[in-house]
Amino acid sequence: MATGVAAWLPFARAAAIGWMPVANCPMPIAPRDNSKRQDELIILNVSGRRFQTWRTTLDRYPDTLLGSSEKDFFYNEETKEYFFDRDPDAFRSILNFYRTGKLHYPRHECISAYDEELTFFGIIPEIIGDCCYEEYKDRKRENLERLQDDQEENKDMKLPNMNFRETMWRAFENPHTSTMALVFYYVTGFFIAISVITNVVETVPCGSTANQKDMPCGERYTVAFFCMDTACVMIFTVEYLLRLFAAPSRYRFMRSVMSIIDVVAILPYYIGLVMTNNEDVSGAFVTLRVFRVFRIFKFSRHSQGLRILGYTLKSCASELGFLLFSLTMAIIIFATVMFYAEKGSSSSKFTSIPASFWYTIVTMTTLGYGDMVPKTIAGKIFGSICSLSGVLVIALPVPVIVSNFSRIYHQNQRADKRRAQKKARLARIRIAKSGSANAFLQSKRNGLINELLELTGTEEDEQKLIKSTSLLESQHHHLLHCLEKTTAHEFVDEQMYEQNCLETVLQSYPSRSPSISSHDSSMGTCCGHRVKKNIPLPNASVPPAHPVPVHQGPLQELSAIHIQCSDPSSHTASRSTLNLKADDSRINCKGGRITTAIISLPTPPALTPDGDGLHGPPQRRPPPPSVSNSSTDVLQ
Amino acid sequence: GKRIVYIKYQIFAMYKADDDLEMTMVCHRPEGLDQLEAQTNFSKRELQVLYRGFKNECPSGVVNEETFKQIYSQFFPHGDASTYAHYLFNAFDTGHSGSIKFEDFVTALSILLRGTVTEKLQWTFNLYDINRDGYINKEEMTDIVRAIYDMMGKYTYPVLKHDAPKQHVDAFFQKMDKNRDGVVTLDEFILSCQEDENIMRSLQLFENVI
């Protein structure tokens, strides 16, 4: 029962009194409305915008949030209203649903946001009214396509357990996944082009020899062309066989259009090999060579546009069929008319109706070769009608095909755009994530530096160093810190981690904890211990190729740009010297800061330290003795 | 008094000579709340509730027979309530204007829900007396009873026999037609109903509907 008419239920029940005298037996007892209360206004405060409605309006749909007791969870005692922290614009249509019984989809609303709202308020989207249902379904479908695209992108990620065959198939289908695939892609493309050009050049007259007339190049340089052809066909054969091997479903692959094109492209060659130079069959052999032109269709693997064209033609099959049919009809009609009109004239080229077909086609497509022209007046009249109608008939289905092509093309463009956007989006997300991670590390370092300063530094230094972290940030950082303490591990950034991995491999510092931050945290407290440990300085046995990464600005992609720092021995040496220096810094932090830093780690923009006070925590590589000057320069 | 408001389709009304168009484009406003309260047995609040429901379903302020049938049919999805709705419509439309205004609506409801037993029975008699001649004959009653049975639909238990309405009407006349003249007058009707306890009780059934 539509709840719009729920308001008329009292009337319907009252009208039932009309049955009473007719009835012969007693009526059942009417249900009591025990929760009888005066219909009251309910205030729904949605993010500050107040909506008001009658309680009975909401009670119409008891299986939704607003109609059930679930809304009591949102009741605000002080203000005596129901508060929802949701989008007030979307709430309009939801409340209208209660009022009118019809759910409308506002066109300017994002489909996922709207769906979320509906889910929150417990309304199933299937009841969207007919007026808005089409639009809703369209948008939903688009959204689904987008999600599917995303999923397909994820599938591009190399699955760890792909066997060789699957890898190969993926390489064939998506050339951009690996370098080898790209190479293969370009090589095959090149050879297709070579093959097509060869076929074309073969027939060009090459200049005459002494006693023969102009020969096509193919006959003059038979061997060369044969070798070229052989090479191309070999490549194509190998490619086909590889694809066949790698295909997940060989039967399906063999049935696909592209594989048929491949086969048709290379088969003539093999047939030609097999056939002898028999005169009878050489005619047929020549015909077979025509099929070599199919190699050009192999380009459709390389060209998106070609594929779209093919797909368009497939999807416009009905329009094309209609075009063909109407053309055929028109051709037959006009050919007949022209034949009989021109029958009278002498030396008429319109010898039969099929002969007139040629004239009709040429005229209707406005080609007008002029090899057949009507001579009688009637013929000319009908000829002009024919050409006029030809324009019409051909022009009619063309817009449909064009619009189909445009739609599919734009769909593809959208897919490409989405891919590019996704890349950019992922990059942004990466940066943001690492930014916040860096922020945490940064704040930790700052905290430690503050500790150091408390020990030694002057007031102004402290002022400079104390970053204004928001309460939220500090709470978050505190949380991360607690986690660190809980797990007895610490957060590091990527580069540090890589270095630490290398170091643990080198096993130079057995007693070292793999993270710099712990180093930091222990700085203030157990630095002294560290220093006292007799850590041997490594010699130059460290491989020179040890990269010391440098952070770029946070706005760059975080593919680590590794640059070779100074002598790696000094790197490992620097650790111990770092300790030593840190020891010094306890006494004179200022000096320590300057000398311990060579590389400036990028700070997230929000936390850029002012001045050059702190360009980074003391985990920076202290300079090897030879370049200690440069470090100070870097800092200043 | 009644105010009939012509909305923007006035221009169309000029071109179209249809009276129907004027009728459907008319927006009706009921008499004031105070007047209605005086005329009926409803309180102001109840009238407000009723009007809101009325106006919600019929924004133009009047109900024509089609809409009336549609609304009523929605309460009885099993069968065909259109015939009975037709009779109801005629009973509500006391002015025979072809449409029910809110005043008619609320007046009838007032009788049905808040009226005296006699008033209710009078209204019911009016409903049964299709041609409004003051007598209920067998044909009229058969029509009414058949309309009521139609609302049941096809799937009933026990299965609906074809002559069930007729039997029902015979029983009815047996009870109501005191002087066996083949018709039931208002007085006979009221008397007979007052004698039947079941009917008396069932008339009070919907007192608290609002």
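Cut-off values and rules
Residues numbered from 1 in each chain as written. Chains lettered and ligands numbered in written order. Predicted model: local features only at pLDDT ≥ 70, side-chain atom pairs only at ≥ 80, totals over all residues. Heavy atoms only, no water. Helix = DSSP H or I, 4+ residues; strand = E, 2+ residues; numbered from the N terminus. Buried < 20%, exposed > 50% of the residue type's maximum accessible area, 1.4 Å probe, protein only. Contact = heavy atoms within 4.5 Å. Areas by Shrake-Rupley, 256 points an atom, 1.4 Å probe, with all protein chains shown as cover. Patch = residues over 30% accessible without salt bridge, like charges linked within 9 Å, V, L, I, M, F, W, Y side chains within 5 Å. Salt bridge = Lys/Arg side-chain N within 4 Å of Asp/Glu carboxyl O. Expected span 1.5 Å × (residues − 1). Axes fitted to C-alpha atoms, helices over the stretch in contact; angles between N-to-C directions. Parallel < 35°, antiparallel > 145°, perpendicular 65-115°, else oblique. Nonpolar A, V, L, I, M, F, W, Y, C, P; charged D, E, K, R; others polar. Core = buried A, V, L, I, M, F, W, Y, C linked by side-chain atoms within 4.5 Å. Domains from an automatic or database assignment. Phe/Tyr/Trp six-rings, centres within 6.5 Å; stacked < 30°, edge-to-face > 60°. Lys NZ or Arg CZ within 6 Å of the ring centre and 35° of its normal. Pairing = 2+ DSSP bridges. Buried area = accessible area lost by both parts, 1.4 Å probe. Polar contact = N/O pair within 3.5 Å; in protein donor to acceptor, adjacent residues only side chain to side chain.

## Side note on the overall build of chain A
Next, step 1: Along the backbone of chain A there are 24 helices and 6 strands.
Next, step 2: For chain A, buried positions account for 37% of its 636 residues.
Next, step 3: In chain A, the proportion of contacts linking residues at least 24 apart, taken out of those at least 6 apart, comes to 65%.
Next, step 4: Accessible surface for chain A amounts to roughly 36900 Å². Of this, 63% is attributable to carbon and sulfur atoms.

## Notes on a nonpolar patch on the surface
Residues and elements named next belong to chain A.
Next, step 1: On the surface, Phe226, Leu267, Tyr270, Ile271, Leu273 and Val274 cluster together into a nonpolar patch covering about 540 Å² of accessible area.
Next, step 2: By residue number, the principal contributor to the nonpolar patch is helix 11 (residues 257–274), which donates 5 residues.
Next, step 3: Assignment of secondary structure puts Ile271 in helix 11.
Next, step 4: Judged by its relative accessible area of 31%, Ile271 falls in the partly exposed class.

## Some remarks on the pattern of salt bridges
Next, step 1: Overall, the coordinates contain 24 salt bridges over all chains when judged by the stated rule.
Next, step 2: Across the salt bridge formed by A:Arg86 and A:Glu117, the nearest N and O atoms sit 3.1 Å from each other. Highlighted residues: A:Arg86 in the loop between strand 4 (81–84) and helix 3 (88–100) and A:Glu117 in helix 4 (residues 111–120), separated in sequence by 31 residues.
Next, step 3: Put simply, B:Lys178 and B:Glu195 hold a salt bridge, and the shortest N to O gap is 3.2 Å. Here the residue B:Lys178 occupies a position in the loop between helix 10 (164–176) and strand 6 (183–184), and B:Glu195 occupies one in helix 11 (residues 186–195), the gap between them amounting to 17 residues.

## Overview of helix 9 (residues 222–246) of chain A
Note: α-helices contain 3.6 residues per turn, so residues at a spacing of three or four share the same orientation.
All names here are of chain A.
Next, step 1: Given a rise of 1.5 Å per residue, 25 residues ought to cover 36 Å, and the 36 Å separating the end C-alpha atoms of helix 9 matches this to within 8%.
Next, step 2: Within helix 9, the full set of buried residues consists of Phe225, Asp229, Thr230, Cys232, Val233, Phe236, Thr237, Glu239, Tyr240, Arg243, Leu244 and Ala246.
Next, step 3: Elements that come into contact with the buried residues of helix 9 comprise helix 6 (164–173), helix 7 (179–202), helix 8 (217–220), helix 10 (250–255) and helix 11.

## A closer look at the packing of helix 13 (residues 304–315) of chain A against helix 14 (residues 317–342) of chain A
Residues and elements named next belong to chain A.
Next, step 1: At a minimum axis distance of 4 Å, the contact between helix 13 and helix 14 shows a crossing angle of 65 degrees. The angle between helix 13 and helix 14 falls in the class roughly perpendicular. Seen from helix 13, the contacting residues are Leu313, Lys314 and Ser315; seen from helix 14, they are Ala317, Glu319 and Leu320.
Next, step 2: Of the residues in the contact of helix 13 with helix 14, the class split is 3 nonpolar, 1 polar and 2 charged.

## Some thoughts on the nonpolar core
Next, step 1: Core analysis: the largest hydrophobic core is formed by 64 residues, its most contacted members being B:Tyr72, B:Phe105 and B:Met141.
Next, step 2: Viewed by domain, this core spans two of them, domain 1 (1–15 + 33–114) and domain 2 (117–209) of chain B, each represented by three or more residues.
Next, step 3: B:Met141 has contacts with A:Val22, B:Tyr128, B:Ile136, B:Val169, B:Phe172 and B:Phe173, leaving out every residue within four places of it along the chain.

## Overview of the packing of aromatic side chains
Next, step 1: Applying the stated criterion across every chain, the model contains 40 aromatic pairs over all chains.
Next, step 2: On the basis of an interplanar angle of 35 degrees and a centroid distance of 6.3 Å, the ring pair of B:Phe92 and B:Phe105 is categorised as tilted. In this pair, B:Phe92 is assigned in helix 6 (residues 82–92) and B:Phe105 in helix 7 (residues 102–114), connecting sequence segments 13 residues apart.
Next, step 3: Feature note: the residues B:Tyr51, B:Phe54, B:Phe68, B:Phe89, B:Phe92, B:Phe102, B:Phe105 and B:Trp123 constitute an aromatic cluster, connected by ring pairs.
Next, step 4: Between the NZ or CZ atom of A:Lys71 and the centre of the ring of A:Tyr82, over which it lies, the distance is 5.9 Å.
Next, step 5: Its end group placed over the ring of A:Phe120, A:Arg86 keeps NZ or CZ at 4.0 Å from the ring centre.

## Quick look at the sheet that holds strand 4 of chain A
Residue and element names in this part refer to chain A.
Next, step 1: The strand order 2-1-4-3 describes an open sheet built from 4 strands, whose pairing is mixed. Each end of this open sheet is capped by a strand with a single partner; those strands are strand 2 (49–54) and strand 3 (75–76).
Next, step 2: Pairing of strand 1 (residues 41–46) with strand 2, which is carried by 6 bridges, proceeds in the antiparallel orientation. Its bridge partner being in strand 2, Leu44 is matched across the sheet by Phe51.

## A short note on the environment of A:Ser178
All names here are of chain A.
Next, step 1: Residue placement: Ser178 occurs in the loop between helix 6 and helix 7.
Next, step 2: Residue classification places Ser178 among the partly exposed positions, given a relative accessible area of 32%.
Next, step 3: Taking the C-alpha atoms as reference points, Ser178 and Thr167, 11 residues apart in sequence, are found 9.7 Å from one another.

## Brief notes about unusual backbone geometry
Residue and element names in this part refer to chain B.
Next, step 1: A positive phi angle, close to 55 degrees, is found at His96, a residue other than glycine.
Next, step 2: Here His96 lies in the loop between helix 6 and strand 4 (99–101).
Next, step 3: Under the relative-accessibility criterion, His96 is labelled exposed at 58%.
Next, step 4: Even without being a glycine, Arg132 presents a positive backbone phi close to 55 degrees.

## Remarks on the interface of chain A and chain B
Quoted interface sizes are often the accessible area lost when the parts come together.
Next, step 1: Each partner contributes to the interface: chain A provides 35 residues, whereas chain B provides 44 residues.
Next, step 2: Counting the surface lost from both chain A and chain B, the interface buries some 3500 Å², and carbon and sulfur atoms represent 68% of this.
Next, step 3: The largest contributions to the chain A side of the interface with chain B come from A:Trp8, A:Phe11 and A:Ile17, which together make up 22% of the buried area.
Next, step 4: Joining chain A to chain B, the criterion identifies 0 salt bridges.
Next, step 5: Between chain A and chain B we count 2 residue pairs in polar contact (both at pLDDT 80 or more) in total.
Next, step 6: For the side of chain A that touches chain B, the element with the highest residue contribution is helix 1 (residues 9–15) of chain A, accounting for 7 residues.

Treat this as a map of the structure, not an account of what it does.
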